[in-house]
Amino acid sequence: MAQLSTSIRHICSKFRAAQSTGSVLPAFISDRRVASTATASAATPAEEVVYERKKLTLYRHLSRLGNSNESAVKVIKDLSREGKKLTKTNLEKAVEKLRKYGRYKHALEVSEWMDGSGGLRLGLSDLAIRLDLVARVRGMDDAEKYFTNLPERAMNHKSYGALLNCYVREELVEKAEGLMEKMKELDFVLNAVPYNNLMTLYFKTGQPEKVPLVIQEMKTNDVVPDTFTYNIWMKSCAAMSGIRAVEKVLDEMKRDGRVGADWTTYSNLAAIYVDAGIIAKAESALKEMEKRMPRKNLSAYTFLISMYAGIHSIDEVHRVWGMIRQRFSNMTNTSYIFMLSSLVKLGDMQGAEKCFEEWESDGLSYDIRVPNVLIDAYITKGMIEKAESFLEHFLEKGGKPNFKTWEMFVDGYLENKQMNQAIETMKKAISKVENREWQPAPEKALSILKHFEELGDVDDAEDIFKRLRGVDHVNTDTYNSLLRTYIQAGKSPSKVLRRMKLDKVDPDMETDRLLRQIGEFEL
């Protein structure tokens, strides 16, 4: 079980991806630029009253939903009933921030409310952002349908760029390459960003050797590179040729002079040195990174913390955290996740618990991802009772566990052979899933089914099987386990092959053997 290390790697990878590709999203619809690129609109009578800033902003109201399945539209309607009318700008800013912090479902709900019940006309950037949100929340099929049905005015470099980004995120190489060629035909490749996306795709799919070919095409077409271009180029060189090749790219960047090395350049370089085990050069790169960080860029500081944790420099972790506390009055949950994860990684549980107390006293929205860091740490260390006590504290504070919370407890209970607790907790985890965003690890589901096998407990096996089907987690192995449970109970299941066909599960030789054993031949 490595939920903690996975968590910090996931967060760091998002930052590294942003460094390499300009937030991966095309620059013309990136979170940092939405406000400036969205179509400006004078307030119409329906939107002329600005939401009062002396109260909580719209985003702050929405952020209180956390990662829950509660509706963002309900919040908007409640505010309207209280007499608070919102401008298009308020709503756009809320969508921007919700996207920034990964609240895609709520961002999509706000976006759809805007040109639905809200009666607002969306700008071209709004429509491109909607495409990205649809892909994240409902999948690529729906995103492609949305793209196809866009009005003619929206068929521009923004919507094409958004779709390209979706293909990159889903690692759909052929579709991305085809769309890139179409964008070239339409003269929609206006800068380095589409090339950055394509290079990111090649890097993600284990094809770093294609990155230099894209670089050469950019040079041939006189496309000016940006810092993200150089970052992904350096990462590709590290994967193929080693550190010397990376340093040659940095030298070329300095000679080029059209784009200067910034903090992302050196954070990227430091990460490469860390991966190569060259700690002295990593430390030097981190010092260069810190010199170039904007004083008000909280993301840069939090990433710096994770990098120092990566080289086991706890003094530097605490030093940078002190700078954050001193310089930033508005802390974020993400900052605390970085710090907590770093302290746990360094084995400083006392410091992590103190940091959690600071988070609670800061009065931020009760984001389950923050306590999940400590819950995972306790369970990983075999402190299941402390994790349970911590969860009780969290619930008393009004926190709402998500499926990942319960999944961690499933791991702990299975490790401790506490099968009844593991089964009930697995049910809780599945009950929190919407849009099939999560499935239990196959070995965990099979461990529970194996328990029912040994007992010959058909009723409970069918119950958990039904729940697994609800999250698309039935396969040949789970069906075979169910069959063995029936055999152990001396019972015959009904219409197994028909059920497998409906679930699009293929039987194997073991399935055939088990069916013969119980005399089940009904198709």
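Residues numbered from 1 in each chain as written. Predicted model: local features only at pLDDT ≥ 70, side-chain atom pairs only at ≥ 80, totals over all residues. Heavy atoms only, no water.

Undergrad: Give me the overall build of the protein: which residues, what numbers.
TA: The helix and strand tally for the protein stands at 29 helices and 0 strands. Buried positions account for 52% of the 523 residues belonging to the protein. Partitioning the intrachain contacts of the protein with sequence separation of at least 6 by distance along the chain shows that 66% fall at a separation of at least 24. For the protein, the accessible surface area stands at approximately 24700 Å², while carbon and sulfur atoms represent 49% of it. (Helix = DSSP H or I, 4+ residues; strand = E, 2+ residues; numbered from the N terminus. Buried < 20%, exposed > 50% of the residue type's maximum accessible area, 1.4 Å probe, protein only. Contact = heavy atoms within 4.5 Å. Areas by Shrake-Rupley, 256 points an atom, 1.4 Å probe, with all protein chains shown as cover.)

Undergrad: Before we move on, can you summarise the confidence of the model for the protein with the specific residues and values?
TA: Considering every residue of the protein, the mean pLDDT works out to 86; 87% of them sit at 70 or more. When the criterion is pLDDT under 50, residues 1-11 qualifies, and its contacts beyond four places in sequence or with other chains add up to 19 contacts. The model gives residues 14-54 a pLDDT under 50, and that stretch makes 98 contacts with residues more than four places away or in other chains. (pLDDT = per-residue confidence, 0-100.)

Undergrad: Any details on the side chain of asparagine 156? Residues and values, ideally.
TA: Topologically, asparagine 156 is positioned in the loop between helix H8 (140-148) and helix H9 (157-169). For asparagine 156, the side chain forms a polar contact with the main-chain nitrogen of lysine 158, separated by 3.0 Å. Contact partners of asparagine 156, with chain neighbours within four places excluded, come to Leu124 and Phe188. (Polar contact = N/O pair within 3.5 Å; in protein donor to acceptor, adjacent residues only side chain to side chain.)

Undergrad: Describe the pattern of salt bridges, naming the residues involved and giving the relevant values.
TA: All chains considered together, the criterion is met by 39 salt bridges. Across the pair arginine 136 and aspartate 132 runs a salt bridge, and its minimum N-O distance is 3.1 Å. You can see arginine 136 and its partner aspartate 132 sitting in helix H7 (residues 124-138), 4 residues apart, about one turn around the helix. The partly exposed category is assigned to arginine 136, whose relative accessible area is 29%. In this structure aspartate 132 comes out as buried when scored by relative accessible area, which is 0%. Its salt-bridge partner being lysine 386, residue glutamate 353 comes within 3.0 Å of it at the nearest N-O pair. Of this pair, glutamate 353 sits in helix H20 (residues 349-362) while lysine 386 sits in helix H22 (residues 384-396); the two residues are 33 residues apart in sequence, bridging distant segments of the chain. Using a relative accessible area of 24% as the deciding quantity, one classes glutamate 353 as partly exposed. Assessed through its relative accessible area of 37%, lysine 386 is described here as partly exposed. (Salt bridge = Lys/Arg side-chain N within 4 Å of Asp/Glu carboxyl O.)

Undergrad: Hey, could you go over helix H4 (residues 72-81) for me, with residue numbers and the actual values?
TA: Structurally, the α-helix is built with 3.6 residues per turn, so residues lying three or four positions apart point the same way. Inspection of H4 places Ala72, Val73, Val75, Ile76 and Leu79 among the buried residues, and these make up the whole buried set. Buried residues of H4 fall within an arc of 160 degrees about the axis and therefore sit on the same side. In H4, the exposed positions angled more than 90 degrees off the buried face are occupied by Lys74 and Arg81. Looking at the buried side of H4, the elements it contacts are helix H3 (58-63), helix H5 (88-100) and helix H6 (104-114). (Arc of directions from axis to C-beta.)

Undergrad: Any chance you could break down the side chain of aspartate 226 for me, citing the residues and the numbers?
TA: On the secondary structure map, aspartate 226 appears in the loop between helix H12 (211-220) and helix H13 (227-240). Among the residues examined, aspartate 226 registers a relative accessible area of 19% and is labelled buried. At 2.9 Å, the side chain of aspartate 226 forms a polar contact with the backbone nitrogen of threonine 229. Sequence-distant contacts of aspartate 226, that is, excluding residues within four places in its chain, are made with Ala192, Asn196 and Val259.

Undergrad: Residues and numbers for the nonpolar core, please.
TA: With 163 residues, the main nonpolar core has Leu62, Leu91, Ile324 and Phe409 as its most contacted residues. No other element matches helix H17 (residues 298-310), which puts 9 residues into this core. The contact partners of phenylalanine 409, leaving out residues within four places of it in the chain, are Ile375, Ile379, Ile384, Ala387, Glu388, Leu391 and Thr425. (Core = buried A, V, L, I, M, F, W, Y, C linked by side-chain atoms within 4.5 Å.)

Undergrad: Would you mind going over the packing of aromatic side chains in detail, with residue names and values included?
TA: Considering all chains together, one arrives at 13 aromatic pairs under this definition. Between the aromatic rings of phenylalanine 147 and tyrosine 160, the centroid separation amounts to 5.1 Å while the plane-to-plane angle is 90 degrees, which identifies the pairing as edge-to-face. Residue phenylalanine 147 is found in helix H8, and its partner tyrosine 160 is found in helix H9; the two are separated by 13 residues along the sequence. Owing to a relative accessible area of 10%, phenylalanine 147 belongs among the buried residues under this scheme. Among the residues examined, tyrosine 160 registers a relative accessible area of 11% and is labelled buried. Linked through ring pairs, Phe356, Trp359, Tyr366, Tyr378, Phe390 and Phe394 together constitute an aromatic cluster. Here the basic side chain of lysine 296 rests over the ring of phenylalanine 328, its NZ or CZ set 5.9 Å away from the ring centre. The cationic tip of lysine 428 hangs over the ring face of tryptophan 406; the distance from NZ or CZ to the ring centre is 4.7 Å. (Phe/Tyr/Trp six-rings, centres within 6.5 Å; stacked < 30°, edge-to-face > 60°. Lys NZ or Arg CZ within 6 Å of the ring centre and 35° of its normal.)

Undergrad: I'd like a description of the packing of H7 against H9, backed by residues and values.
TA: Between H7 and H9, whose axes approach to 8 Å, the crossing angle comes to 20 degrees. Relative to H9, the element H7 lies roughly parallel. Considering only the axes of H7 and H9, their crossing is right-handed. Residues Leu124, Ser125, Ala128, Leu131, Asp132, Ala135 and Arg136 of H7 pack against Lys158, Ser159, Ala162, Leu163, Asn165, Cys166 and Arg169 of H9. When the residues that make up the contact of H7 with H9 are grouped by side-chain class, the tally is 7 nonpolar, 3 polar and 4 charged. (Axes fitted to C-alpha atoms, helices over the stretch in contact; angles between N-to-C directions. Parallel < 35°, antiparallel > 145°, perpendicular 65-115°, else oblique. Left-handed = near helix turned anticlockwise from the far one by under 90°. Nonpolar A, V, L, I, M, F, W, Y, C, P; charged D, E, K, R; others polar.)

Undergrad: Go over the environment of arginine 325, please, and point to the residues and values.
TA: Summarising the element assignment, arginine 325 is placed in helix H18 (residues 314-327). On the accessibility criterion, arginine 325 (33% relative accessible area) is partly exposed. With near-sequence residues (within four places) excluded, arginine 325 lies in contact with Met331, Tyr336, Glu358 and Asp362. In this structure the side chain of arginine 325 is engaged in a polar contact, spanning 2.9 Å, whose partner is the side chain of aspartate 362.

Undergrad: Could you give an account of a positive patch on the surface, naming the residues involved and the relevant values?
TA: A grouping of Arg60, Lys93, Lys97 and Lys100 is seen on the molecular surface, where their side chains present a positively charged patch. Counting residues per element, the positive patch draws most heavily on H5, at 3 residues. Tracing the chain through its elements places lysine 100 in helix H5. (Patch = residues over 30% accessible without salt bridge, like charges linked within 9 Å, V, L, I, M, F, W, Y side chains within 5 Å. Lys, Arg positive; Asp, Glu negative; His and termini not counted. Charge placed at Lys NZ, Arg CZ, Asp CG, Glu CD.)

Undergrad: Lay out helix H16 (residues 279-292) in plain terms, naming residues and giving numbers.
TA: Compared with the 20 Å implied by 1.5 Å per residue over 14 residues, the 20 Å span of H16 between its first and last C-alpha is a close match. Taken residue by residue, H16 has Ala282, Ala285, Leu286, Met289 and Glu290 as its buried positions. When H16 is viewed along its axis, its buried side chains cluster within an angular range of 145 degrees and face the same direction. In H16, the exposed positions that point more than 90 degrees away from the buried face belong to Ala280 and Lys291. On its buried face, H16 is in contact with helix H15 (263-276), H17 and H18. (Expected span 1.5 Å × (residues − 1).)

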